[in-house]
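Structure assessment
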Amino acid sequence: QLARIQTDSVVEMLRELYPDLRFEIAVAMSTTGDKILDTALSKIGEKSLFTKELENALERNEVDLVVHSLKDLPTSLPPGFTIGAVCKRENPLDAVVFHPKNCGKTLSLLPEKSVIGTSSLRRAAQLKKKFPQLEFRDIRGNLNTRLKKLDEKEDFSAIILAAAGLKRMGWENRIGQLLSPEDCLYAVGQGALAVEVRAKDQEILNMVSALHDADTVLRCIAERAFMKRLEGGCSVPVAVSTVLKDGQLYLTGAVYSLDGSDSLKETMQTSVNYSQQTEDGPNDDAQRVGITAKNVPGQAQEAAENLGVELASLLLSKGAKHILSVARQLNDAR
């Protein structure tokens, strides 16, 4: 349902821009990540859990564009594909949805040993450290399924979800607590929608590039470059927060051990205050961490990408590789 709402919202924007074109939402298909619901995402070990089947349809020209949650897309796309648009980001924060009996509470007010549901190693690692009195347990399924599990059983006192998904579903009233970046840094690309297209299909690429939101593009390029340099993914706790203000891009990035006891966190900034150059350079269609942003200044994109790489390199120089490889091994052994 959420995937459909997200796709509809992108098609609606395209219809407004191109009233003469006909857009058909051709296929609803299930992906590996949708089908395997009894295993933690971090254990399935497939990089393109939610994307591979959709990319196959793109490759066969059955569809011309695919709408994804950007956080589901790996930092390196298969050859021949690119992210042709990154739409304006919804609130990227994580949200706590409480069991009806805990309505009005916050995580710190829950009784000791209360069980919190999350399928994310990143959320669990950060919140275990902040709320050691609580227990964290895996919960899988789409938003509808997870909310049903929360409301109809007594297994969970609360679950953690992305605020963006709840808002898009019209369930904002279920958000009991928004977790600030001080409580819980968010996932790379969280809250942003990506439109994936065939990299060589200039017509479609030009069409969808009108949907790019420049601020979101620069923030997400920095976040994805950070993740790529760390070689992070679902199977390790990597988290970020970005702010773009007065031409300065600030990136906070962190890595955690599975229980959150060991962590490294740093913030860096760079200027992204460049104007779009008028002449078409050869780098017009340069892909940066899978994103082709024709209408965002190339120098600004480069600065954002470098920021992510430099911050990751700083954490690696302080021992991030060790934290992540231990997290990976422990997760594989679980």
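Looking at an unreviewed UniProt entry, one finds the protein named Porphobilinogen deaminase, with Anhinga rufa as its source organism. In its Pathway (unreviewed entry) section, the UniProt record describing the protein reads: "Porphyrin-containing compound metabolism; protoporphyrin-IX biosynthesis; coproporphyrinogen-III from 5-aminolevulinate: step 2/4."

So, the overall build of the protein
Looking only at helices and strands, the protein features eleven helices and 13 strands. With 334 residues in all, the protein has 51% of them scored as buried. In the protein, 72% of the contacts between residues at least 6 apart in sequence involve partners at least 24 apart. Accessible area of the protein: about 15,700 Å², with a carbon and sulfur share of 47%.

Side note on the sheet that holds strand 10 (residues 248-256)
Strand order in the open sheet formed by three strands is 9-10-11, and the pairing between neighbours is antiparallel. Two strands bound the open sheet, and with one partner strand each, they are strand 9 (238-245) and strand 11 (263-271). Each strand of the sheet is rotated relative to its neighbour by a mean of 15°, with strand direction disregarded. Sheet topology note: the strand 9/strand 10 ladder contains eight bridges and is antiparallel. Within strand 10, the residue paired with Ser 241 across the bridge is Thr 252. Of the strands in this sheet, strand 9, strand 10 and strand 11 are in contact with helix 11 (residues 320-333), which crosses strand 10 at around 50°.

The rules behind these values
- Residues numbered from 1 in each chain as written.
- Predicted model: local features only at pLDDT ≥ 70, side-chain atom pairs only at ≥ 80, totals over all residues.
- Heavy atoms only, no water.
- UniProt positions renumbered as here; feature names shortened; annotations may be inferred.
- Helix = DSSP H or I, 4+ residues; strand = E, 2+ residues; numbered from the N terminus.
- Buried < 20%, exposed > 50% of the residue type's maximum accessible area, 1.4 Å probe, protein only.
- Contact = heavy atoms within 4.5 Å.
- Areas by Shrake-Rupley, 256 points an atom, 1.4 Å probe, with all protein chains shown as cover.
- Pairing = 2+ DSSP bridges.
- Axes fitted to C-alpha atoms, helices over the stretch in contact; angles between N-to-C directions.

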